Amino acid sequence: MPERAIAHIVIASDHAGFTLKTHIAEHIRARGLPVEDLGPSDETSCDYSDFAHRVAERVAAGAGTAGVLVCGTGIGMSMAANRHEGVRAALCSEPYSARMSREHNDANVLCVGARVIGVALAEAVVDAFLEGAFEGGRHARRVAKIEP
Ligand code: RB5
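As the structure is a prediction and not an experimental result, all values here were calculated from the model. (Residues numbered from 1 in each chain as written. Predicted model: local features only at pLDDT ≥ 70, side-chain atom pairs only at ≥ 80, totals over all residues. Heavy atoms only, no water.)

Considering the overall build of the chain
The line we're drawing: Numbering goes from the N terminus for both helices and strands, where a helix is a DSSP run of H or I of at least four residues and a strand is a run of E of at least two. Our radius of gyration looks at C-alpha atoms and nothing else; its globule reference is 2.2 Å times the residue count to the power 0.38.
For the chain, the helix and strand inventory stands at six helices and five strands. Listed N to C, the secondary structure of the chain is β-α-β-α-β-α-β-α-β-α-α in terms of helices and strands. The globule rule puts the C-alpha radius of gyration for 148 residues at 15 Å, and the 14 Å found for the chain is close to it. C-alpha extents for the chain along the principal axes are approximately 45 × 30 × 25 Å.

Right, dumping it as structure tokens:
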């Protein structure tokens, strides 16, 4: 299976993830990848599920588009995003899992908990996710079986 490179990132958060989301968006842009911020635009209390669905719909619709979702724990975001067909959201708190989510699971959304990890670790997690490439082969067979 050919490598499916990430060409474009859509990113969103809730109020708890807003500050880290803004930082991650700048970090990804600095790597040369286009980032579209789907909200929110401030730290006013909001519902993570609304923003998870925005990102998941875009990822499901567009080849080459991957998502990043940030809430307090990353848990609600990953639960909501994974309800969308074709979306494989991985909640990661360290770089190894982030890289493996791409290499073995063909993850197309990265979820991060802003109350779980700090800025430096979040950058490392994002870098590992972006640098990981799906290996295909036996993993493609397994990924194909994820959808029930
Ligand atoms: C908001 O308080 C918090 O529940 C949310 O950011 C997230 O952690 C949910 O999974």
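Back to the text.
Considerations on the site of the ligand
The criterion, for reference: Nearness is judged by heavy atoms alone; a residue qualifies as near a molecule or strand once a single heavy atom is within 4 Å of it. Any pair of N or O atoms that falls within 3.5 Å is considered a polar contact. Within protein, one atom must be able to donate a hydrogen and the other to accept it, and sequence-neighbouring residues count only if both atoms are side-chain atoms. Put simply, Ala, Val, Leu, Ile, Met, Phe, Trp, Tyr, Cys and Pro go in the nonpolar bin, Asp, Glu, Lys and Arg in the charged bin, and everything else, Gly too, in the polar bin.
Near the ligand you find Asp-14, His-15, Ala-16, Tyr-48, Cys-71, Gly-72, Thr-73, Gly-76 and Arg-115, and these make up its full shell. Here an oxygen atom of the ligand sits 2.6 Å away from a polar atom, N or O, in the side chain of Asp-14. Between the ligand and the protein, one listed contact pairs an oxygen atom with a backbone N or O atom of Gly-72 at 2.7 Å. When its residues are assigned to classes, the shell around the ligand shows three nonpolar, four polar and two charged.

A look at the pairing of strand 1 (residues 8-13)
To keep things clear, this is the line we draw: Accessible area is worked out with a 1.4 Å probe on protein chains only. A residue is then buried under 20% of its type maximum, exposed over 50%, and partly exposed in between. Two strands are said to pair when DSSP picks up at least two bridges between them. Handedness of a crossover is defined as follows: with both strands directed away from the viewer, a clockwise route from the first strand across the helix to the second makes it right-handed.
For strand 1, a buried count of six out of six residues is recorded, marking the element as mostly surrounded by other parts of the structure. Of the two faces of strand 1, the one lined by His-8, Val-10 and Ala-12 and the one lined by Ile-9, Ile-11 and Ser-13 are each fully buried. Across six bridges, strand 1 lies against strand 3 (residues 65-71) in parallel orientation. Following the sheet pairing, His-8 is matched in strand 3 by Thr-65. Summarising the sheet, strand 1 and strand 2 (residues 35-37) pair through three bridges and their orientation is parallel. Looking at the pairing, Ile-9 lines up with Val-35 of strand 2. On the question of chirality, the crossover connecting strand 1 to the parallel strand 2 by way of helix 1 (residues 18-30) is right-handed.

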